[in-house]
Amino acid sequence: GFAGAGFATAPPVVQQPTVIQAPQDSLIGDLLSMDLGPAQPQAAMMPGTMGGRSGMNLLGGGLDELLGMPTAAPSVGAGPPQAPAPAAAPFGGGATGGLGDLFGLQGGLGMSGAAYVAPKTVWLPAQKGKGLEISGTFSRRQNQLYMDLTISNRAMQPMGGFAVQFNRNSFGLIPAAALQIPEPLMAGVSTEASLPVNTIGPVQRMEPLNQLQMAVKNNVDVMYFATVVPYNVLWVEDGQMDRKVYLATWKDIPPSNEVQFTISDFSISSDDAQKKLSGNNVFLIAKRNVEGQDLLYVSLKFTNGIWVLGELKLQPGLPYIQIALKTRALDVVPGVQQMIELILRS
């Protein structure tokens, strides 16, 4: 049944949702060829049990050997995870020494494009809604998730008494306010509504993970329908992981939790890719060029604390992009993969 009793106008305060546990998968690979030396014990970022470090390295021994640093794996089980710094400092100085100058690592400050917003689609056709038609999409504006609706009265009589309720869902989504619809909504009239959504509601795993079931009532009846929430609106603004934490975390996640894929028949510059991704809270950690290939290292964080780390390989003139993703919650990878491709092609 639907969470709570009746159609509440304010979200209840409940426990923060837990991370969805994911099975271990077998698709492996390690494209990351950076190393900043011994990691600190607090570098463990991801929820779950710590695994071993990845073995492959495009530069052989990595930066440890090139810089004369001792090689050490991150400490395992050294206390609870610590929060990352809110933003990565530019490469080329500070605690990283001369790594920026050595390999042309660049930060990603000041490059951000517009967020991708999926076109509205019909969620509730009029014939199933007894004359009520609802089209919608989701967006993220100024750190807030919104459900953007077009509500149309296709019936012969006025409508009123609108309210909305969400079923339990994977990410704890719940309305943050009452649904504001001008009443009465006369026959043949459509109106727009933007409903703020919080992520403090009760959690229940859905299939697919981003499915959202909801009920809308009016003076005619209660209508039930479902949609899917675009993954990018679930990626939060503090998803830029500290670079040293990023490197330690990448090595700490087992190779079985890495997924590689290729976006074919498509070409984009690394600057344009960075702008599009950062506009959707996929943040640049480092950027460098190796033998004509641009490598972008990125991170994102879901509203429920799931981190995803990624590497993009782009080469001017080649009609494809190679991407590797690493996370402890492999269940989110297919949705992340599809959304990243959608963002880059938009």
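Residues numbered from 1 in each chain as written. Predicted model: local features only at pLDDT ≥ 70, side-chain atom pairs only at ≥ 80, totals over all residues. Heavy atoms only, no water.

A.B. asks: Would you explain the nonpolar core in this entry?
C.D. replies: Side chains that are nonpolar tend, in soluble globular proteins, to be buried together. In this structure, M147, W235, F302, V336 and L344 are the most contacted members of the largest nonpolar core, which totals 64 residues. Tallying contributions element by element places helix α5 (residues 333-345) first for this core, with six residues. The residues contacting V336, other than those within four sequence positions of it, are Y231, W235, L300, F302, V308 and L325. Among the nonpolar cores identified, the runner-up in size contains twelve residues, and M241, V245, W250 and W307 belong to it. (Core = buried A, V, L, I, M, F, W, Y, C linked by side-chain atoms within 4.5 Å. Buried < 20%, exposed > 50% of the residue type's maximum accessible area, 1.4 Å probe, protein only. Helix = DSSP H or I, 4+ residues; strand = E, 2+ residues; numbered from the N terminus. Contact = heavy atoms within 4.5 Å.)

A.B. asks: Which parts of the structure should I look at to understand the sheet that holds strand β9 (residues 258-264)?
C.D. replies: Taking strand neighbours across the sheet as the criterion, the five strands line up as β9-β13-β12-β11-β10 in an open arrangement whose pairing is antiparallel. Each edge of the open sheet carries a strand with a single partner, namely β9 and β10 (283-290). The mean inter-strand angle of the sheet, taken between neighbouring strand axes irrespective of direction, is 20°. Bridge count for strand β12 (residues 307-314) against strand β13 (residues 320-326) is five bridges, and the pairing is antiparallel. Across the sheet, the residue bridging to L312 is I323, located in β13. Contacting β9, β10, β11 (293-301), β12 and β13, helix α3 (residues 243-252) runs over the sheet at an angle of about 90° to β12. (Pairing = 2+ DSSP bridges. Axes fitted to C-alpha atoms, helices over the stretch in contact; angles between N-to-C directions.)

A.B. asks: I'm lost on the environment of Q165 in this one. Help?
C.D. replies: Considering the arrangement of structural elements, one finds Q165 in strand β4 (residues 163-166). By relative accessible area, Q165 is classed as buried at 11%. C-alpha of Q165 to C-alpha of V216: the two residues are 51 residues apart in sequence and 6.5 Å apart in space.

A.B. asks: Teacher, can you tell me more about the side chain of Q240 here?
C.D. replies: Its location among the elements puts Q240 in the loop between β8 (222-228) and α3. There is a polar contact of 2.9 Å between the side chain of Q240 and the backbone oxygen of L284. (Polar contact = N/O pair within 3.5 Å; in protein donor to acceptor, adjacent residues only side chain to side chain.)

A.B. asks: Can you help me understand the pattern of salt bridges in this one?
C.D. replies: Note that side chains of opposite charge can pair when their charged atoms are close. One pass over the structure, following the stated rule, counts nine salt bridges. Across the pair R141 and D148 runs a salt bridge, and its minimum N-O distance is 3.2 Å. In this structure, D238 and K301 form a salt bridge, with 3.1 Å as the shortest nitrogen-oxygen distance. Here K301 lies in strand β11 and D238 lies in the loop between β8 and α3, a separation of 63 residues in the sequence. Exposure remark for D238: the relative accessible area of 39% places this residue in the partly exposed category. Overall, K301 belongs to the buried group, its relative accessible area being 15%. (Salt bridge = Lys/Arg side-chain N within 4 Å of Asp/Glu carboxyl O.)

A.B. asks: Which parts of the structure should I look at to understand helix α4 (residues 270-278)?
C.D. replies: Counting along an α-helix, one turn takes 3.6 residues, and residues three or four places apart therefore face a common direction. By the burial criterion, the buried members of α4 are S270, A273, Q274, L277 and S278. Looking down the long axis of α4, one finds its buried residues gathered within 120° of arc, a one-sided arrangement. (Arc of directions from axis to C-beta.)

A.B. asks: Is there a simple way to think about the pairing of β13 in this case?
C.D. replies: Look at any regular strand and the pattern is simple: side chains alternate between the two faces of the sheet. Counting buried positions along β13 gives five out of seven residues, so the element sits mostly inside the fold. In terms of strand pairing, β9 meets β13 through seven bridges, oriented antiparallel. Bridge pairing links Q260 to A324 in β13. Where β12 hands over to β13, the hairpin turn is made up of five residues, of which G317 adopts a positive phi near 95°.

A.B. asks: Sorry, what's going on with the sheet that holds β4 here?
C.D. replies: Strands pair in a sheet through their backbones, by hydrogen bonds, and they do so in one of two ways: parallel or antiparallel. Strand order in the open sheet formed by three strands is β4-β7-β8, and the pairing between neighbours is antiparallel. Unpaired on one side and paired on the other, β4 and β8 mark the two borders of the sheet. Sheet twist, expressed as the mean angle between neighbouring strand axes with direction ignored, is 25°. Bridging between strand β7 (residues 211-217) and β8 involves seven bridges; their strand directions are antiparallel. Residue pairing for β8: K217 is matched across the bridge by V222.

A.B. asks: I would appreciate a short explanation of the environment of N257 in the present structure.
C.D. replies: Mapping N257 onto the fold places it in the loop between α3 and β9. Between the C-alpha atoms of N257 and V333, which are 76 residues apart in sequence, the distance is 9.8 Å. From its side chain, N257 meets the backbone oxygen of T327 in a polar contact 2.9 Å long.

A.B. asks: How should I be thinking about the packing of aromatic side chains in this particular structure?
C.D. replies: To describe a pair of aromatic rings, one takes the distance between the centres and the angle between the planes. Counted under the stated rule, the structure contains five aromatic pairs. Joined through ring pairs, the aromatic side chains of F171, Y231, W235 and F302 make up one cluster. Over the face of the ring belonging to Y146 we find R141, whose NZ or CZ atom lies 4.0 Å from the ring centre. (Phe/Tyr/Trp six-rings, centres within 6.5 Å; stacked < 30°, edge-to-face > 60°. Lys NZ or Arg CZ within 6 Å of the ring centre and 35° of its normal.)

A.B. asks: Help me understand the pairing of β8, please; the structure alone is not making it clear to me.
C.D. replies: The side-chain alternation of β8 yields one buried face, formed by M223, F225 and T227, and one unburied face, formed by V222, Y224, A226 and V228. The turn joining β7 and β8, which pair antiparallel and follow one another in sequence, is formed by four residues.

Interpretation in functional terms is not warranted from these geometric data alone.
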